[in-house]
Amino acid sequence: MLEISDLSVAYGAIKALHGVSLRVPPGSIVTLIGANGAGTSTTLRAISGLAKSSSGRIRYDGQDITALPPHRIVSRGLCHVPEGRMVFANLSVQENLQMGAYLQRDRAWIAAQTDYVFSLFPRLQERCQQLAGTLSGGEQQMLAIGRALLGRPKFLMLDEPSLGIAPLLVKTIFEKIVEINRSQGLTILLVEQNANLALEVSSYGYVLETGKVILEGPSAELKANPQVQAAYLGI
Amino acid sequence: MDWLLQQSINGLGLGSIYALIALGYTMVYGVLRFINFAHSDILMLGAFAAFYLEPQVSRLLGGPESVLGAILIAALAAGLCALLGILIEFLAYRPLRQRPRLAVLITAIGVSLFIEFTAQHDKVFSAKTQFFPRLLPEHTFQWGQVFFSSTDLLVPAVTALMLGAMWFIVQKTRTGTAMRAVSFNQQAASLMGVNVNRIISFTFGLGSALAAIAGILYAMKAPGIEPLMGVQPGLRAFIAAVLGGIGNLPGAVVGGLVLGILETFLGGIPWLSSYRDGIAFAILILILLFKPAGLLGKATVEKV
C-alpha cells in the first residue's frame, strides 16, 4: 500500500532522515519506534507532504506521491494525525470535524461517518459545540483522530497518540485504534514512544535511530529482541 | 443636543468607513500574521477605478446617478481591486512566505510606496486632486438644527450590509471555516485537504474588495480624490484594527466605530480639533501599552 525507498529529509543543514526504506501492507498496523529526534515524526511528515524530501521515493497505491503538496495527498485517502494533535483550538468540536471532511462532498457519508466517530468517542458528541481549545489533552487526541477519520482515509498515520495523555485514556485510545483498523479496514502507520503498547497492537515494526532504520521485523520478534528490550521496553 | 446628534451621525459615517478598511487589515493579519500596508492604497485605487468607470457606466445606462449604475460601478471596482490584491499577494508576498515576517512587512511598505508614487505620475492619475463624480442623487435632510445627507445614511447602511456578508462568509461557509483553520495553523489546515495558497488569495481578494468599497464611500463623502488619499484613513483603520484586537473581525468593527466617533467628537471641540491625529495615535500607544491584545482580542495562550 505504502512503500518508501531510500528517503532522506533535511531541515536546513540538519539531516533528519538518511535513506529510510519501509513498507506498509494494506490492512495492517505497522509501527515506527524510536527515541526523540530519531526521525519517526519526520518520516510521517514527509509522507503527508509537510516535510520536503531531498532524495528518495514515496509510493502510495502504486503511484509516486513524493513531490505532491499536502492537500493533494489527503485527497488520495492518506490522512495524518500530527504530533501535538494540532486541533483547531479556535473552532468548535463540530467545526473541527467539518474541516476533517473538507474534501468530502457526500453529505450522507459525512453524517454517517460523524455518527461513527461519535460512537467511538462519545465524549466528542457531548462537547460538540465547545471550542476545541477548551478540551483536555485526551479529548483533543480523540478529536484529532475523529477529524482524520472524516477525511475518508484508506491509510491513517498517527503520531504519538499517547503523548501527554492520562494513562487510562491511552488505553481507550489504543483500543479504538485497533477497532478502527478492524472495522473500517484501515491501514495504519503508528509512531509511538510507548514501544510496549505500539508493539502490542501492531503486526510489524521498524526501529529508527538518528534517521536510519536500525532494526525491523514482526512486532512479536522485536518484542523478544534483547536490544529492543534494553533500549525501548525498559526490561 | 443637536450638536451631539450631528456629531454622532458624522462619527458613525467616518467610523463605518474605518471599520470596512480595518476588516481588510485584520483578515489578512489573521491568515498571514502581517500588516499589509498596501491595503490603504487599494482603497485609493478603488476610488480611482470608480472615477474612471463612472462615465462608461453612465453612458451604458443612458444617464448618471442611478442606483443600478452605482451598484455596477462599486461591484466592478471591488472586483478589479480584488484581483489586484490577489496579484500583489502572489507577486510580492508569496515568494517571501518562508522568510522572517519583517521581510514581508518591509515589502508591504515597498509595495505601498510603489503604488502611491506610480499613481502620481502624470501618465497615470497625476498628483493633482480630482473631483469624484456623484454616483447617486443626493438628498439633504434636516431635523431641527441637524443636517444630514443621503450619503450619511448610505455609508453605515452599506457597512452594515458588508459586515453581515463577512460574518456569514467567515462563520457559516466552508471557505470561511477554512480561513479560520488556516489562521490558526496552516499545516494542520493543509492536512485537512485545504489548499492554503488558495485560501490566502481568497482572503486578499475579499479584503481588497472591502477596501475598494470603503474607498468609494470615502470619496462620496469627501469628493476630492488623489493618489495619497488612502494614507490617512488607512492609518486610522490600522489603529482601529489594533484597538479592537488585530485578527478579530468584530474587534475591527468596534475599533473603527469607536475611533470614528471619538475623532469627530474631539474634532468638534474647537481647541482640540487640530490635535485629531495626535489623539488617534495616542490611543494606539495607550492600547499597545495597556491592552496589547485590543478591546476584544484575547491574549493567546497555547496548550501544549
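Computed from a predicted model, the values in this text were never measured in an experiment.

Our focus in this paragraph is the overall build of chain A. Per the secondary structure count, chain A includes 10 helices and 10 strands. Here the C-alpha atoms of chain A give a radius of gyration of 17 Å, agreeing with the 18 Å that 2.2 N^0.38 yields for 235 residues. Along the longest, intermediate and shortest principal axes, the C-alpha atoms of chain A span 45 × 40 × 35 Å. Out of the 235 residues belonging to chain A, those deemed buried represent 48%.

This part is about the interface of chain B and chain A. The partner chain A presents 21 residues to the 15 residues of chain B that form the contact. Listed by contribution, the elements that provide at least two residues to the side of chain B that touches chain A are α6 (174-184) and α7 (186-191) of chain B. With five residues, α6(B) is the single largest residue contributor to the side of chain B that touches chain A. Among the residues making up the side of chain B that touches chain A, the classes are represented as seven nonpolar, six polar and two charged.

Residue and element names in this part refer to chain A. The sheet built from six strands is open, its strands ordered β6-β7-β8-β3-β9-β10 with mixed pairing. Two strands lie at the open edges of the sheet, namely β6 (78-81) and β10 (212-218), each paired on one side alone. In this sheet, adjacent strand axes meet at a mean angle of 15° when their direction is disregarded. As paired elements, strand β9 (residues 204-209) and β10 share six bridges and run antiparallel to each other. Each residue of the ladder has a partner; that of Glu-209, found in β10, is Lys-212.

Bringing the sheet that holds strand β1 (residues 2-11) of chain A into the picture now. Residues and elements named next belong to chain A. The sheet built from four strands is open, its strands ordered β2-β1-β4-β5 with antiparallel pairing. Where the open sheet ends on each side, the last strands, each with one partner, are β2 (14-24) and β5 (63-64). Its contacts with the sheet put helix α1 (residues 40-47) on β1, β2 and β4 (53-60), and the angle it makes with β2 is roughly 70°.

Bringing α1(A) into the picture now. Residue and element names in this part refer to chain A. Of all eight residues making up α1, eight are buried, and the element is well covered by its neighbours. For α1, the set of buried residues is Thr-40, Ser-41, Thr-42, Thr-43, Leu-44, Arg-45, Ala-46 and Ile-47. Where α1 ends, the next residue or the one after it, Gly-49, has phi of about 90°, a positive value.

A separate point is the confidence of the model for chain A. Within chain A, residue pLDDT values average 92, and 100% of them lie at 70 or more. The secondary-structure element of chain A with the lowest mean pLDDT is helix α10 (residues 226-233) of chain A, recorded at 84, while helix α3 (residues 93-100) of chain A shows the highest, at 96.

As a further point, take the nonpolar core. All names here are of chain B. Ranked by size, the top nonpolar core spans 165 residues in total, and within it Ala-47, Ala-77, Cys-81 and Ile-213 carry the most contacts. The biggest single contributor to this core is helix α8 (residues 196-221), with 16 residues. Setting aside chain neighbours within four positions, we find Ile-213 in contact with Leu-20, Gly-46, Ala-74, Ala-78, Val-158 and Met-162.

Rules used in this analysis
- Residues numbered from 1 in each chain as written.
- Chains lettered and ligands numbered in written order.
- Predicted model: local features only at pLDDT ≥ 70, side-chain atom pairs only at ≥ 80, totals over all residues.
- Helix = DSSP H or I, 4+ residues; strand = E, 2+ residues; numbered from the N terminus.
- Rg over C-alpha atoms; globule rule 2.2 N^0.38 Å.
- Buried ≥ 20, exposed ≤ 12 C-beta atoms within 10 Å, placed from the backbone.
- Contact = placed C-beta atoms within 7 Å.
- Nonpolar A, V, L, I, M, F, W, Y, C, P; charged D, E, K, R; others polar.
- Pairing = 2+ DSSP bridges.
- Axes fitted to C-alpha atoms, helices over the stretch in contact; angles between N-to-C directions.
- pLDDT = per-residue confidence, 0-100.
- Core = buried A, V, L, I, M, F, W, Y, C linked by C-beta atoms within 7 Å.

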